[in-house]
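Descriptive analysis of the structure
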Amino acid sequence: MTRRWLPYVIFAVWVIALASTPFWATNYIVRLAVMIAMFTALTLSWNFIGGFAGYPSFSTAAFFGLGCYAGALAQRAGVPMVAAWLIATVVVSLFAAALGAIILKLKGHYFAIGSIGIVEVVRLVISSWGSLTGGGDGLNVPLLTGGPNAVARIFLVVMLAIMIIAFLVTVYVDRSRLGFGLRCIQQNEDAADMVGVNNTLYKVIAYTLSALFCGPIGAAYASWTGYIDPTDSFSIIMTIKVPVMCLLGGPGTVLGPVVGTAAFMLLEEVFWANFLDYNRAILGAVIVLLIFFLPRGLLAIPYGKLGARLVALLQRPKVAS
Amino acid sequence: MSAPILVAERLSRRFGGIHAIDDLSFALNEGEIVALIGPNGAGKTTLVNLITGVHPPSAGRVKFEGEDVTGQRPFQAARRGLARTFQIVQPFPRMTVLENVAAGALFGGGQPSVAAAMDMAREQLAFTGLTQFADRPASALTLAGRKRLELAKSMAMRPKVLMLDEVNAGLNSGEIDGALALIRRIAERGITILIIEHLMKVVMSLAQRVLVLHHGQLIAEGVPGDIVRNEKVIEAYLGEKFARRFSAEKLNG
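Owing to the predicted nature of the structure, the values given are computational and were not obtained by experimental measurement. (Residues numbered from 1 in each chain as written. Chains lettered and ligands numbered in written order. Predicted model: local features only at pLDDT ≥ 70, side-chain atom pairs only at ≥ 80, totals over all residues.)

1. What to know about the environment of Pro22(A)
Residue and element names in this part refer to chain A. What counts here: Each helix is a run of H or I in the DSSP string that is no shorter than four residues. Each strand is a run of E no shorter than two, and both are numbered from the N terminus. Counting other C-beta atoms within 10 Å of each residue's C-beta, where C-beta atoms are placed from the backbone, gives the exposure class: buried for 20 or more, exposed for 12 or fewer, partly exposed between. C-beta atoms are placed from the backbone for every residue, and two residues are taken to be in contact when these atoms lie within 7 Å.
Among the secondary structure elements, proline 22 is positioned in helix H2 (residues 21–24). Judged by the 16 C-beta atoms lying within 10 Å of it, proline 22 is partly exposed. Between the alpha carbons of proline 22 and alanine 37 there is a distance of 14 Å; along the sequence they are 15 residues apart. Those residues in contact with proline 22, other than ones at most four positions away along the chain, are Val30, Arg153 and Leu156.

As structure tokens, this is what we get:
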């Protein structure tokens, strides 16, 4: 019984820790908390297609960037900020649903390459369509009034809200018919078809869910920073980071994306602070090692057994030498 | 007699220049056990694939309960009550045995919730004698266990017609006896069974009717006792030369 509630307790504690940063931490830490909330929501999104359905999608940056631009353009057209975020959500979801029906016919490596191609295609379209998007010069987005610290606090609440909604949807999917069907697809797609799972429909739903939250996250990010350009919005680093975070925590689980994102971003901070020259290289090596030795993520470690063994080790009577 | 439950009308399927199934027609009556036999490469599995929609037929039609279901997708076949097992078992390896069967109950069997599907899966595990393995991962079962799991999964789909593709291949004789008993109990529930089989022991003891497939065509059809004496069938299995020698020996001896 306690085991069943453990993920939710951990998540609640983590939300409170992030939400309380303005009261006890420096502005740098508050900014980091916003980024953690944002990436956790992105990772939870990716988990629907990459974790539950097992389709290695690298489309996250395409959805995020499209969300940035949809939100920014709506705001520049005079739409109120929150309404602009909702518009971005709808635009990105429709884009993913239409695209999913085509790209999900690909499997394995082919799907991965196709999904990463989408990031480039959308980026090129946005940067070439100068009359609408400002091209390579980027776009200014109306700034919120108040100092950067006050604004960061507002966006901490916004990103945490999106992260909590993404988590609740994950919990629902995990327990529902949809989640069961996606797990079947992940393990054996032909067998899933044979037991009556409508594979195409389920995969499109999972792909759309993986995009759904990227829309408002991108739009809110644009409102927060006040300026977006194609290079920053459609970053290949982001599209790779998000799956790595999820794999690090435990793909296809409820808490995995949360734990993976936290672990990744905290490690990144530690290496950034201590090894200014080699931080990327060290981080890369750590990721390779973790994924090599923990293919099912940090959550798959048998912590109970490890703890018991540690206790046994400590209690062992010392042999006099 | 009522109308047949499953009808194949002049089915054909070409792969490149090869006629895997060539203008083939047959019908299954409700509640009967029919064996489909034929040498390797005769097109037995292809025929099941055409019926369940894994491949669309190049020509011809499939009718299920009077409805034209040609070109249906496999998941639609499953939901209609046309279940099949695979020659090479297809479990969900990292799910438990119980969850594997629940997948069949939830999607093919149309159970309203995951909890209801789990209950139905428990019933089917008891029916197939897998209850003690319910919480083990499917990949931990022996081959006989995995074949049994395929049957449990299919039964959870509440099928009207069950197509069994070599469920006994690779089993030892004790395991085969167990599987035979299970198939009989499935048939007692009124489920129509089409069984693809190489073992004559199984064919002779189970089937009420035998269809013989060779080069994608139906070369014989009848009760098991007649089929084993059919010249065309012997020729298909042994080749023309041996078939002639065999019948000559029978005349002389």
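2. Let's talk about the nonpolar core
Condition: Structurally, a nonpolar core is described as a collection of buried Ala, Val, Leu, Ile, Met, Phe, Trp, Tyr and Cys residues joined by way of C-beta atoms within 7 Å. Domain extents, as shown, originate in an automatic or database domain assignment.
Among the nonpolar cores identified, the biggest contains 165 residues, and Ala37(A), Ala41(A) and Met159(A) are the most heavily contacted of them. No other element matches the 14 residues that helix H3 (residues 27–52) of chain A contributes to this core. Shared between two domains, this core holds at least three residues of each, these being domain 1 (1–81 + 159–253) and domain 2 (87–158) of chain B. When near neighbours in sequence (up to four residues on either side) are disregarded, Ala37(A) contacts Leu18(A), Leu156(A), Met159(A), Leu160(A) and Met163(A).

3. Some words on the sheet that holds strand E7 (residues 161–165) of chain B
All names here are of chain B. Quick reminder of the rule: Strands are labelled as partners when DSSP assigns at least two bridges between them. Here an axis means a line fitted to C-alpha atoms, over the contact stretch when the element is a helix, while the angle between two N-to-C directions is reported on a 0 to 180 degree scale.
Spatially, the six strands line up as an open sheet ordered E6-E7-E8-E3-E9-E10, and their pairing is mixed. Every other strand in the sheet has two partners, leaving strand E6 (82–84) and strand E10 (217–222) as the edge strands with one partner each. Ignoring which end each strand starts from, the neighbouring axes of this sheet average 20° apart. In this sheet, strand E9 (residues 209–214) lies alongside strand E3 (residues 33–37) in parallel orientation, the contact comprising four bridges. Bridge pairing in E9 links leucine 36 to leucine 211.

4. Quick word on the environment of Tyr278(A)
Residues and elements named next belong to chain A. Assignment of secondary structure puts tyrosine 278 in the loop between helix H15 (256–274) and helix H16 (279–293). On the neighbour-count criterion, tyrosine 278 (12 C-beta atoms within 10 Å) is exposed. Separated by 40 residues in the primary sequence, tyrosine 278 and methionine 238 have C-alpha atoms spaced 20 Å apart.

5. Thoughts on the domain arrangement of chain B
Residues and elements named next belong to chain B. For the record, the criterion: Under the grouping applied here, Gly and all other residues not named as nonpolar or charged are polar, the nonpolar ones being Ala, Val, Leu, Ile, Met, Phe, Trp, Tyr, Cys and Pro and the charged ones Asp, Glu, Lys and Arg.
Entries for chain B in the domain assignment read domain 1 (1–81 + 159–253) and domain 2 (87–158). Distance from the C-alpha centre of domain 1 to the C-alpha centre of domain 2: 25 Å. At the junction of the two partners, domain 1 supplies 16 residues and domain 2 supplies 14 residues. Put simply, the parts of the chain that give the side of domain 1 that touches domain 2 at least two residues each are helix H2 (74–80), E7 and helix H6 (173–188). Among the elements that line the side of domain 1 that touches domain 2, the one with the most residues is H6, at four residues. For the side of domain 1 that touches domain 2, the residue count by class is nine nonpolar, three polar and four charged.

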